[in-house]
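This is what each chain is made of:
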Amino acid sequence: MDEHQKTLILTSSSRYPPPKEVRLSYGTSGFRADASILQSTVFRVGILAALRSIKTRSVIGLMITASHNQVSDNGVKVADPSGGMLTQEWEPFADAIANAPTPQDLVQLIDEFVRKENIPLNGEQKAEVLLGRDTRPSGESLLEAANQGINSVVGALAFDMGILTTPQLHWIVRSRNKNLKATEFDYFEQLSSSFRCLMDLIPNGTKITETDDKLVVDGANGVGAEKLDVLKKMLDGFCIEVRNSGNGVLNEGVGADYVQKEKVVPEGFGLMDVGLRCASLDGDADRLVYFLVPSNKSSKIDLVDGDKILSLFALFIKEQLSVLNMEKGEKKNNIYQAHLGIIQTAYANGASTDYLKQLGLEAVFTPTGVKYLHEKAAQYDIGIYFEANGHGTILFSECFLSWLEARYNELSSKSEGSEQQKAALRLLAVSKLINQAVGDALSGLLLVEAILKHTGWSINKWSGLYQDLPSRQLKVKVVDRTAVVTANAETVVVKPSAIQEAINAEVAKYPRGRSFIRPSGTEDVIRVYAEASTQEAADDLASSVAKLVDEFLGFGSST
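- Under an unreviewed UniProt entry, the protein chain has the name Phosphoacetylglucosamine mutase and belongs to Rhizophora mucronata.
- Under the heading Pathway (unreviewed entry), UniProt records this for the protein chain: "Nucleotide-sugar biosynthesis; UDP-N-acetyl-alpha-D-glucosamine biosynthesis; N-acetyl-alpha-D-glucosamine 1-phosphate from alpha-D-glucosamine 6-phosphate (route I): step 2/2."

Put into structure tokens, the structure is as follows:
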């Protein structure tokens, strides 16, 4: 790094001093904190994004959002060339520069890093970073800090894409790097045209009642509501009503996170919505859940969460693959047998995993976190992943899509209008409708709606695919969370060695019992998950496992 580059960073970073006695950490969600202390962090992530662009010779995204957090918070995260999250290998560098106490320390860290990574900072290799933000009032000033950070790197250019959902920015980055059409309009056009394609392929005779035809969406008073209104105008005849579209406080008593955790109706919904299909987006529209309003005001909603969205998608994909691979009632030997994988974490309800396995599907677990789910899903021809919170997507391998395109063309020339041809076209439409970069509430919602119309199902029938097992989650404060080491996607404790045997003994006492523990990624607590055939049993199992954690690792164990 030459003196001119060093001077640029020193000068600009002196305008963004880091907050005192605050240490931030880059996780799955990037950096998140109260917006008032984030200027320095966002400025420095701007530098990181520019360096990442130079290193990868690709377009990089920088999104300013705190998703489902309260409106006074904000955050920043980086979208890699694939449209996915920043590679884990760069997270320690993100932490280091965010917490560098002085401009001199910052320059030293960057200098060491660019040498190690062989990043040329001579201005010859250009950098391009796309900036997006959600509707938070603090977003504009933080966007300017990011802009300043990017511009402090020689040869780097920042492009303000305006107010976007997080998934939109990820989609645009992915599309740009694949040399595809990549504006916000192109995003809307691709989603609406692929949705219309699926609707045109609904089997004759599928009946939809007036109640089942209407969808009411809680927009969390965030950016998703604004963008859903745009989509709605592009989809004539799509019966959808958007509420909480910005007239209230972002994520306050509204949104997918609130609905999923509290299992209550969001603000703006009530007894007038009994029987209607309702859905909820989160603040930046990367999570989606559905729900039914209870007829009794005091009761909990009937929640249709990410596990059931995954099940619906898996059923539909499985059905289309089966049709595609059948010829005159018999499977052809030369048909491509697509490897379909269902990816969950240990937090997925056991009833959903049992249901998927009963369908003959391959369901596998990964450690908790979208980055692990996405990585595993990419190993299949078609990989479907979802968390219960409603974040998830479907990935299609390039190899499978190439075969599918060829197969569709072959069927179009030989057997136009056949069921096999329709199945191939449906799968191609799904691959374009779903956001393969990241979980996307808008594309997910359109796919759910298309599949429900295809099957003729009501939300009640969908919700009744299986009954969730009652569960309970607890946290136990410990001296050192790193004392717990897990394996098998966090379902088994390896250290301390004796605790897993004790957990197994407790689980054995309860019908359909299951429990696991895992260390928190951010605080000195151990998280306990338990489920069983009744709520009382799940509560008791969670409590007994929490006591075991306290005995082995709690403050009492250290005295």
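Focus on the packing of helix 6 (residues 166–177) against helix 7 (residues 184–200)
- Two numbers describe how helix 6 lies on helix 7: the axes approach to 10 Å, and their chain directions differ by 100°. Here helix 6 is positioned roughly perpendicular relative to helix 7, judged by the angle of their axes. Packed against helix 6, whose contacting residues are Gln168, Trp171 and Ile172, the element helix 7 presents Glu184, Asp186, Tyr187, Phe188 and Gln190 at the interface.
- For the contact of helix 6 with helix 7, a count of residues per class yields four nonpolar, two polar and two charged.

Observations concerning the domain arrangement of the protein chain
- Once the domains are mapped, the protein chain shows domain 1 (3–163), domain 2 (188–306), domain 3 (307–440 + 454–464) and domain 4 (471–553).
- Averaged C-alpha coordinates put domain 3 and domain 4 at centres separated by 32 Å.
- Taken together, the contact pairs 11 residues of domain 3 with 11 residues of domain 4.
- Our count for the domain 3 to domain 4 interface comes out at one salt bridge.
- Residue Arg512 pairs with Asp354 through a salt bridge whose shortest N-O separation is 2.9 Å.
- Joining domain 3 to domain 4, the criterion identifies seven residue pairs in polar contact (both at pLDDT 80 or more).
- The leading source of residues in the side of domain 3 that touches domain 4 is helix 12 (residues 350–358), at three residues.

Considerations on the sheet that holds strand 21 (residues 525–531)
- Ordered in space as 17-21-20, the three strands form an open sheet in which the pairing is antiparallel. Edge positions in the sheet fall to strand 17 (471–477) and strand 20 (514–519), since each of these pairs with one other strand and no more. The average undirected angle you get between the axes of adjacent strands in this sheet is 15°.
- Bridge analysis of strand 17 against strand 21 gives seven bridges, and the strand direction is antiparallel. When the sheet's bridge partners are listed, Arg472 is paired in strand 21 with Ala530.
- The sheet strands contacting helix 19 (residues 535–553) are strand 17, strand 20 and strand 21, and the helix crosses strand 17 at an angle near 20°.

Side note on the nonpolar core
- One finds Tyr290, Phe313, Ile317, Ile384, Ile394, Leu445 and Trp462 to be the most contacted residues of the largest nonpolar core, which totals 82 residues.
- Setting aside its immediate chain neighbours within four residues, Ile317 contacts Leu340, Ile382, Ile384, Ile394, Phe396, Leu427 and Val430.
- If you look at the next biggest cluster of nonpolar residues, it comprises 46 residues, including Met1, Trp90, Ala98 and Leu131.

Here's the deal with helix 5 (residues 139–151)
- Its 13 residues give helix 5 an end-to-end C-alpha distance of 18 Å, which sits within 8% of 18 Å, the value for a rise of 1.5 Å per residue.
- By the burial criterion, the buried members of helix 5 are Gly139, Leu142, Leu143, Ala145, Ala146, Gly149 and Ile150. On an axial view of helix 5, the arc spanned by its buried residues comes to 155°, and they lie on one face.
- Where the residues of helix 5 are buried, they touch helix 2 (39–56), strand 2 (59–64), strand 3 (73–79), strand 4 (127–133) and strand 5 (156–163).

Quick word on the sheet that holds strand 2
- Spatial strand order, 1-3-2-4-5: five strands in an open sheet with mixed pairing. The two strands at the open ends of the sheet, each matched to only one other strand, are strand 1 (31–34) and strand 5. Strand-to-strand twist in this sheet, taken as the mean axis angle between neighbours without regard to direction, amounts to 20°.
- Pairing of strand 2 with strand 3, which is carried by four bridges, proceeds in the antiparallel orientation. Across the sheet, residue Ile64 finds its bridge partner in strand 3, namely Val76.

Description of the side chain of Glu117
- Residue position: Glu117 is located in the loop between helix 4 (103–116) and strand 4.
- Here the side chain of Glu117 touches Lys116 through a polar contact of 3.4 Å, side chain to side chain.
- In this view, Glu117 contacts Lys55 and Trp90; residues no more than four positions away in its chain are not counted.

Quick word on the UniProt feature "domain: Alpha-D-phosphohexomutase alpha/beta/alpha" (unreviewed entry) in the protein chain
- Under the local residue numbering, the UniProt record ascribes the feature "domain: Alpha-D-phosphohexomutase alpha/beta/alpha" (unreviewed entry) to residues 57–90 and 124–177.
- Its end C-alpha atoms 16 Å apart, residues 57–90 is made of 0% helix and 38% strand.
- Counting secondary structure, residues 124–177 comes out at 46% helix and 28% strand; the distance between its end C-alpha atoms is 20 Å.

Considerations on helix 18 (residues 499–507)
- Turning to helix 18, its buried residues are Ile499, Gln500, Ile503, Glu506 and Val507. Each buried residue of helix 18 sits inside an arc of 120° when the element is viewed along its axis, so together they form one side.
- Against the buried residues of helix 18 lie strand 19 (492–495), strand 20 and helix 19.

Brief notes about the packing of aromatic side chains
- Taken as a whole and assessed by the stated rule, the structure comprises 18 aromatic pairs.
- Between the aromatic rings of Trp90 and Phe93, the centroid separation amounts to 6.1 Å while the plane-to-plane angle is 90°, which identifies the pairing as edge-to-face. In terms of burial, Trp90 and Phe93 fall into one category: buried.
- Ring-pair connections join several aromatic residues into one group, and the members of that group are Trp90, Phe93 and Phe113.

Definitions and cut-offs
- Residues numbered from 1 in each chain as written.
- Predicted model: local features only at pLDDT ≥ 70, side-chain atom pairs only at ≥ 80, totals over all residues.
- Heavy atoms only, no water.
- UniProt positions renumbered as here; feature names shortened; annotations may be inferred.
- Axes fitted to C-alpha atoms, helices over the stretch in contact; angles between N-to-C directions.
- Helix = DSSP H or I, 4+ residues; strand = E, 2+ residues; numbered from the N terminus.
- Parallel < 35°, antiparallel > 145°, perpendicular 65-115°, else oblique.
- Contact = heavy atoms within 4.5 Å.
- Nonpolar A, V, L, I, M, F, W, Y, C, P; charged D, E, K, R; others polar.
- Domains from an automatic or database assignment.
- Salt bridge = Lys/Arg side-chain N within 4 Å of Asp/Glu carboxyl O.
- Polar contact = N/O pair within 3.5 Å; in protein donor to acceptor, adjacent residues only side chain to side chain.
- Pairing = 2+ DSSP bridges.
- Core = buried A, V, L, I, M, F, W, Y, C linked by side-chain atoms within 4.5 Å.
- Buried < 20%, exposed > 50% of the residue type's maximum accessible area, 1.4 Å probe, protein only.
- Expected span 1.5 Å × (residues − 1).
- Arc of directions from axis to C-beta.
- Phe/Tyr/Trp six-rings, centres within 6.5 Å; stacked < 30°, edge-to-face > 60°.

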